[in-house]
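# Overview (structure and organization)
The primary structure of each chain is shown beneath.
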Amino acid sequence: MTETTSRFVRVGDVELHVFTEGSGPPILVPTGGGIEFYRRTFSRRLLDAHSFVYVEMRGTGRSTGTPEGSTYATLADDIDVVRDKLGIDRAVVMGHSNHGGIALEFGFRHPEHAAAVVSVASVPDFSRAMSVGIARWEAEANAQKKELLAQKQAEFHALDTSAMDADEVVLRQYLALHPLVWNDPALDAGALWGGVPKGFARYMQSVILPEAERWSLVPSLGKIPCPVLALSGLYDYVCPVELWAEASKKLPRGRLDIFEQSGHNPQFEEPARFDAVLLEFLRTLS
């Protein structure tokens, strides 16, 4: 049975919930959408080689405080405080989707404590992500996929949301983007969340959406000295691989790996290959 621990780490005036499972060298995994989605989409085989240290962002999950006023940069600073209080000298930080921005900011802002950054289904420039992704979707998606997206959107707009809390509404809204996120049209993505993540709506409104309009680290990628591994799904239309293909050459020690059967979650849609690529990269750090 995999060992798990749960604790709180004081960061300024808030307590961040830190959940750890697995064995071996730690990987810090920031999350603002709950822990369960990642526990269900990252392979359990990875826990034989590494400990996953999930850090719930301010005001989400069991962490206290609020996300208002936070940016990817300030949340990366929170991760560094957690790293220090956990006694980790140099950390591997792995961020999926918007959390990839936090991971990159950690590598940029705290180079002396960054062993490596892993960007999973993320981009170095969120200000262009949706426009680039939707343009490709319109150009290459077939009629069946476009019809499925229209169906999912219609089903969401037909919902009676009056009895739902804000977190459930935002989750259902996100699930209605299914064809933009998942390569498998038949996948029951809702089951992977394990319930409604607490604080998701405020995190979306306060961090994800504002950063989607303004955040880009492309001009500073050359200042990230640690190894950076970008893992992108070819059919990810919310964090399109084009943005890493353009920018990865700016990284002094960067590598891009494209998963040709995946959307926004290559760790789940191509788990065996994902595990092999990630573990090989991590082995090179020792």
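I will try to describe carefully the structure that is included in this document. Within any chain, residue numbers begin from 1 and follow the written order of that chain's sequence. Confidence filtering applies because this is a predicted model: local features only for residues at pLDDT of at least 70, side-chain atom pairs given and counted only at 80 or more, and all residues used for totals across whole chains, interfaces and linings. Excluded from the side-chain calculations are hydrogens and water; all other atoms, namely the structure's heavy atoms, are used.

### A look at the overall build of the chain
Helix and strand assignments come from DSSP, with helices taken as H or I runs of at least 4 residues and strands as E runs of at least 2, each series counted from the N terminus. Summing up its helical and strand segments, the chain has 11 helices and eight strands in all. In terms of overall size, the chain behaves like a compact globule, its C-alpha atoms giving a radius of gyration of 18 Å where 286 residues would be expected to give roughly 19 Å. Along the first, second and third principal axes, the C-alpha set of the chain runs to 50 × 40 × 40 Å. Sorting the 286 residues of the chain into buried and exposed places 55% on the buried side. In this setup the radius of gyration rests on C-alpha atoms only. A globule is expected at 2.2 Å times the number of residues raised to 0.38. Each residue is placed in one exposure class: buried if its accessible area under a 1.4 Å probe, protein chains only, is under 20% of its type's maximum, exposed if it is over 50%, and partly exposed if it falls in between.

### Topic: the nonpolar core
Core analysis: the largest hydrophobic core is formed by 86 residues, its most contacted members being Phe 52, Met 94 and Val 118. Dropping the residues within four chain positions of it, Phe 52 is found in contact with Phe 19, Thr 20, Glu 21, Ile 27, Val 29, Phe 42, Leu 46, Leu 47 and Met 94. Working definition of a nonpolar core: buried Ala, Val, Leu, Ile, Met, Phe, Trp, Tyr and Cys residues. They are joined through side-chain atoms within 4.5 Å. Contact between two residues is taken to exist if any of their heavy atoms lie within 4.5 Å; hydrogens are not considered.

### Focus: the packing of helix H2 (residues 72–85) against helix H3 (residues 99–109)
With their axes 8 Å apart at the nearest point, H2 and H3 run at an angle of 70 degrees to one another. Put simply, H2 runs roughly perpendicular to H3. Here the hand of the crossing between H2 and H3 comes out right-handed. Across the interface between the two elements, Tyr 72, Ala 73, Leu 75, Ala 76, Asp 77, Ile 79, Asp 80 and Arg 83 of H2 pack against Gly 101, Ile 102, Glu 105, Phe 106 and Arg 109 of H3. Partitioned by chemical class, the residues of the contact of H2 with H3 number seven nonpolar, one polar and five charged. Angles shown run from 0 to 180 degrees and are taken between the N-to-C directions of axes, each axis being a line fitted to C-alpha atoms and, for helices, limited to the stretch in contact. By the definition adopted for this analysis, an angle is roughly parallel if under 35 degrees, roughly antiparallel if over 145, roughly perpendicular if from 65 to 115, and oblique otherwise. Helix crossings get a hand from a simple test, with the near helix turned counterclockwise from the far one by less than a right angle marking a left-handed crossing and a clockwise turn marking a right-handed one. Classification convention: Asp, Glu, Lys, Arg as charged; Ala, Val, Leu, Ile, Met, Phe, Trp, Tyr, Cys, Pro as nonpolar; all other residues, Gly among them, as polar.

### Looking at the pattern of salt bridges
Pairing is possible between side chains of opposite charge, provided their charged atoms come close. A carboxyl oxygen of Asp or Glu within 4 Å of a side-chain nitrogen of Lys or Arg is what we treat as a salt bridge. Scanning the entire structure with this criterion turns up 19 salt bridges. With a shortest N-O distance of 3.9 Å, Arg 58 and Asp 13 are connected by a salt bridge. With a gap of 45 residues between them, Arg 58 in the loop between strand S4 (51–56) and H2 and Asp 13 in the loop between strand S1 (4–11) and strand S2 (14–22) connect regions that are remote in the sequence. Judged by its relative accessible area of 18%, Arg 58 falls in the buried class. You can call Asp 13 exposed: its relative accessible area is 60%. Two residues, Asp 257 and Arg 273, come together in a salt bridge whose shortest N-O distance is 2.5 Å.

### Focus on the packing of aromatic side chains
Here a Phe, Tyr or Trp ring, Trp counted by its six-membered ring, pairs with any other such ring whose centre lies within 6.5 Å, and the pair is stacked when the planes are under 30 degrees apart, edge-to-face when over 60, and tilted otherwise. Evaluation of the coordinates by the stated rule reveals 14 aromatic pairs. An angle of 55 degrees between the planes, with centres 6.1 Å apart, marks the rings of Phe 52 and Tyr 54 as tilted. Since its relative accessible area comes to 1%, Phe 52 is described here as buried. Exposure remark for Tyr 54: the relative accessible area of 1% places this residue in the buried category. An aromatic cluster of three or more residues is present, and its members are Phe 37, Tyr 38, Phe 42, Phe 52, Tyr 54, Tyr 174, Trp 193, Phe 200, Phe 259 and Phe 274. Whether a charge sits over a ring comes down to the Lys NZ or Arg CZ being within 6 Å of the ring centre and within 35 degrees of the ring normal. The positively charged end of Lys 145 is found above the aromatic ring belonging to Tyr 235, 5.0 Å away from the centroid. Residue placement shows Arg 273 over the ring face of Phe 259; its charged tip is 4.3 Å from the ring centre.

### Some details on helix H4 (residues 129–140)
The end-to-end C-alpha distance of H4 is 17 Å, a good match for the 16 Å that 12 residues give at a rise of 1.5 Å each. Of all the positions in H4, only Ala 129, Val 132, Gly 133, Arg 136 and Trp 137 are classed as buried. End-on, the buried residues of H4 take up no more than an arc of 135 degrees, which puts them together on one face. Pointing more than 90 degrees away from the buried face of H4 are the exposed residues Ser 131 and Ala 139. In this structure, the buried side of H4 is in contact with helix H5 (143–157), helix H7 (178–181) and helix H9 (242–247). Helix span, as expected, comes to 1.5 Å for every residue beyond the first. Working definition: the arc comes from the directions between the helix axis and the C-beta atoms, pointing outward to the latter.

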